Amino acid sequence: MTRLIVAAGGGGDAVAASMLHAALYGNEDQAVILTYAWDRLLIDPLPGPRGANSFTGLEPVTQSVWSVPAEAQPIAPAGSTLPRLAAELPHTLALLDPHHGAEGITRQLEELVSHLAPTSIDLLDVGGDILTQGDESTLKSPLADALTLAACCQVNAPIRLLVAGPGLDGEISPDDLRPLLGALVHTFTAEDAEAIGSILEWHPSEATAMLAATARGARGICEVRDAGLPVALTDEGPTVHEVDLDDAVSRNNLARAIMTTAALDEAEAYSREICGFSEIDYERNKAAWLKDQLPVPLTPEDVLSQLDRFQADARTRGITHTTFRHITEALNLNGSQRNELRRLLIHSRPDQYDAPLWKIGA
């Protein structure tokens, strides 16, 4: 038996998909996780998602679907977490390629459904921004979710939409999400989080990190992203809810607009028109700025002094936790130094490591 899970938002959602599979289906079968190669700039310095032509070592599954084995490599200067995820997750990762718009993703899904005859198909979104309308002031990355939603609703197969960690992506508030959520499917536990091992020690996903942290009992307010967005860590954090797929499409204006798009540029133009921006434009602008930001030596004394000032300010905002990505940006360090900074902080102050988050010191 094979189950198909479509990870709406990329590598972080793929990690959550593996956690979900273990929780709901155990070891009875394996999954094919269809996911974007769309990493943050600290992993991939090129804006936007990667397609099959950005890798070596991919393996054909169908005419338009390629799997990403552990041996695959992104072609420099591109970067990707997918090969390492393939090495550490017990499932097949398949590349979700949006370069041919929603029509291309629909074709990929139809080919996979025909080829695999999956026992079930789940579309998983961590946070719930797949349910946004497109005009929310907190919305940051609508395009990836809208593309997967637009494609899934056109496939002639039963697809269950699941939202994990309502509000954890910081793009739609839990209060706005609550009326949209259907039946509770599962509440992740600390044991569930163990199913993904140490992946979140190196993978930069913030939403999935908070999902795992809340499953392990973390509660408070976590500051994330470069802008320092506060996200509440509550008992709702580790929950997974079913949402009616048709209702989601009716609500998501961008998904409806891009259903017949045949190119990513075309879908991006709709995002600018409907949402007022494109997240790829944001990545383009940020990539140009980061090009001039060079790594600096991490001196423990200097880093810890800066950390103390950051934490003092954070406490005045009521912040209890943060991510290593946010600390890296808050300390104006190069994104490539995230792992080195993480090791330094955990070694220096191990009591503040509330895996996989950083707990703000008193």
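Residues numbered from 1 in each chain as written. Predicted model: local features only at pLDDT ≥ 70, side-chain atom pairs only at ≥ 80, totals over all residues. Heavy atoms only, no water.

**Student:** Please clarify how the pattern of salt bridges should be interpreted in this entry.
**Tutor:** Here the idea is simple: oppositely charged side chains can pair when their charged atoms come close. All told, the structure shown has 19 salt bridges when counted by the stated rule. Residue Arg342 is joined to Glu201 by a salt bridge in which the shortest nitrogen-to-oxygen separation is 3.8 Å. Of this pair, Arg342 sits in helix H14 (residues 338-348) while Glu201 is found in the loop between helix H6 (190-194) and helix H7 (206-215), placing the two residues 141 residues apart along the sequence. As a salt-bridge pair, Glu223 and Arg317 come within 2.9 Å of each other at their nearest N and O atoms. (Salt bridge = Lys/Arg side-chain N within 4 Å of Asp/Glu carboxyl O. Helix = DSSP H or I, 4+ residues; strand = E, 2+ residues; numbered from the N terminus.)

**Student:** Honestly, the pairing of strand S2 (residues 30-36) in this entry has me stumped. Any pointers?
**Tutor:** Across a regular strand the side chains alternate sides, sitting on one face of the sheet and then on the other. With 6 of 7 residues buried, S2 is to be regarded as a mostly interior element. The pairing of strand S1 (residues 2-7) with S2 spans 5 bridges and is parallel. Of the residues in S2, the one forming a bridge with Leu4 is Val32. Looking at chain direction, S2 and strand S7 (residues 92-96) are connected through 5 bridges and run parallel. The residue bridging Ile33 from the neighbouring strand is Leu93, located in S7. (Buried < 20%, exposed > 50% of the residue type's maximum accessible area, 1.4 Å probe, protein only. Pairing = 2+ DSSP bridges.)

**Student:** Would you take a moment to explain the sheet that holds strand S11 (residues 220-224) for this structure?
**Tutor:** Strands belonging to one sheet form pairs held by backbone hydrogen bonds; the direction of such a pair is parallel or antiparallel. Pairing is mixed across the open sheet formed by 5 strands, whose spatial order is S12-S11-S14-S16-S15. Across the chains shown, the open sheet's two edge strands, defined by having one partner strand only, are strand S12 (229-233) and strand S15 (353-354). For S11 and strand S14 (residues 321-322), the ladder comprises 2 bridges, and the chain directions are parallel. The partner of Glu223 across the bridge, within S14, is Thr322.

**Student:** Help me understand the packing of aromatic side chains, please; the structure alone is not making it clear to me.
**Tutor:** Within a pair of aromatic rings, the relevant descriptors are the distance that separates the centres and the angle that separates the planes. Under the definition given, this model contains 3 aromatic pairs. Ring geometry for Tyr36 against Trp38: centres 5.7 Å apart, planes inclined by 85°, an arrangement best described as edge-to-face. Residue Trp38 is classed as buried on the basis of its relative accessible area of 11%. Seen from their ring centres, Phe324 and Tyr353 are 6.0 Å apart, and the 55° between their planes marks the pair as tilted. Of this pair, Phe324 sits in helix H13 (residues 324-330) while Tyr353 sits in strand S15, placing them 29 residues apart in sequence. Counting every residue linked through ring pairs, the aromatic cluster contains Phe324, Tyr353 and Trp358. A cation over an aromatic ring shows up here: Arg3 above the ring of Tyr25, its NZ or CZ 3.8 Å from the ring centre. In this arrangement the basic side chain of Arg342 is found over the ring face of Phe324, its NZ or CZ atom lying 5.7 Å from the centre. (Phe/Tyr/Trp six-rings, centres within 6.5 Å; stacked < 30°, edge-to-face > 60°. Lys NZ or Arg CZ within 6 Å of the ring centre and 35° of its normal.)

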